[in-house]
Amino acid sequence: QKEVEQDPGPLSVPEGAIVSLNCTYSNSAFQYFMWYRQYSRKGPELLMYTYSSGNKEDGRFTAQVDKSSKYISLFIRDSQPSDSATYLCARGGSEKLVFGKGTKLTVNP
Amino acid sequence: NAGVTQTPKFRILKIGQSMTLQCTQDMNHNYMYWYRQDPGMGLKLIYYSVGAGITDKGEVPNGYNVSRSTTEDFPLRLELAAPSQTSVYFCASSYSKGGGYGYTFGSGTRLTVV
């Protein structure tokens with residue numbers, strides 16, 4: 001079983017929609033959970049970072065961690081065409097970050 | 001603040017040729033990484049370094065070599081290029097081993113082997 005599983009999509013939504021991106025992980029020892037955004041032909045950039053369980057909100061973005069179900073989510077409210085990118089989840093702890101394969105999101109105007 | 005700088009941005013190699021992908025960071029991070037990214041396959045770790053003079057293999061090290069003589073630089077060497085090494089290569093650095101503050105990525109090198 002891979003350590004971080006992520007639905008590759010692609011996901012296509014209309015502008016203004018609420019987007020939900022999800023990952024599952026297998027090792028409950030993980031402490032840090034992150035979301036990276038990668039625009040086409042660019043390097044990944046850190047978007048959201050959470051430690052342990054709970055929610056973290058930053059503008060239109062909310063990262064959620066449910067350690068009991070080993071589930072991490074990223075919600076995007078009022079999605080914009082500029083949100084079109086690939087989103088990668090990642091988990092960290094005492095060892096190197098492990099990344100999901102990424103979900104490609106397209107927001108259509 | 002430049003962050004992580006990779007050169008070149010694009011390169012076409014012929015089978016059997018060699019090249020070095022350059023990576024420099026100006027954040028004084030001890031930890032540095034090389035990934036390759038193929039369509040639909042996510043990021044695969046090639047090599048990483050925990051400090052100057054210390055390197056270790058990742059999941060896909062075959063066909064590559066690295067060195068780390070300074071904190072700032074972490075070049076990736078391809079010897080005897082093969083079509084299977086056609087990919088986008090990303091260098092990253094971090095403050096902590098477990099990625100507690102996240103990784104900072106470069107903008108990538110797009111390599112084609114023909």
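Right, let's walk through the structure included here. Everything quoted here is computed from the prediction, not taken from an experiment.

Bringing the pattern of salt bridges into the picture now. Here the idea is simple: oppositely charged side chains can pair when their charged atoms come close. All names here are of chain B. Evaluated as defined, the whole model comprises 6 salt bridges over all chains. Arg36 is the partner of Asp38 in a salt bridge, and the nearest nitrogen-oxygen pair spans 3.2 Å. Neither Asp38 nor Arg36 differs from the other in exposure class; each is buried.

Let's shift gears to the state of the cysteines. Applying the stated criterion across every chain yields a total of 2 disulfides over all chains. A sulfur-sulfur distance of 1.9 Å marks the disulfide that ties Cys23 of chain A to Cys89 of chain A. Its S-S torsion of approximately -100° makes the covalent link between Cys23 of chain A and Cys89 of chain A left-handed. Of this pair, Cys23 of chain A sits in strand 3 (residues 19-25) while Cys89 of chain A is found in strand 9 (residues 85-92), placing the two residues 66 residues apart along the sequence. A relative accessible area of 2% places Cys23 of chain A in the buried class. According to the relative accessible area criterion, Cys89 of chain A is buried, its value standing at 0%. One disulfide bridge connects Cys23 of chain B with Cys91 of chain B, the sulfur atoms lying 1.9 Å from each other. Between Cys23 of chain B and Cys91 of chain B, the disulfide has an S-S torsion of -70° and is therefore left-handed. In this pair, Cys23 of chain B is assigned in strand 3 (residues 19-25) and Cys91 of chain B in strand 9 (residues 87-94), connecting sequence segments 68 residues apart. A relative accessible area of 1% places Cys23 of chain B in the buried class. According to the relative accessible area criterion, Cys91 of chain B is buried, its value standing at 0%.

Criteria and thresholds
- Residues numbered from 1 in each chain as written.
- Chains lettered and ligands numbered in written order.
- Predicted model: local features only at pLDDT ≥ 70, side-chain atom pairs only at ≥ 80, totals over all residues.
- Heavy atoms only, no water.
- Salt bridge = Lys/Arg side-chain N within 4 Å of Asp/Glu carboxyl O.
- Buried < 20%, exposed > 50% of the residue type's maximum accessible area, 1.4 Å probe, protein only.
- Disulfide = S-S within 2.5 Å.
- Helix = DSSP H or I, 4+ residues; strand = E, 2+ residues; numbered from the N terminus.

This is a description of form; function is not addressed.
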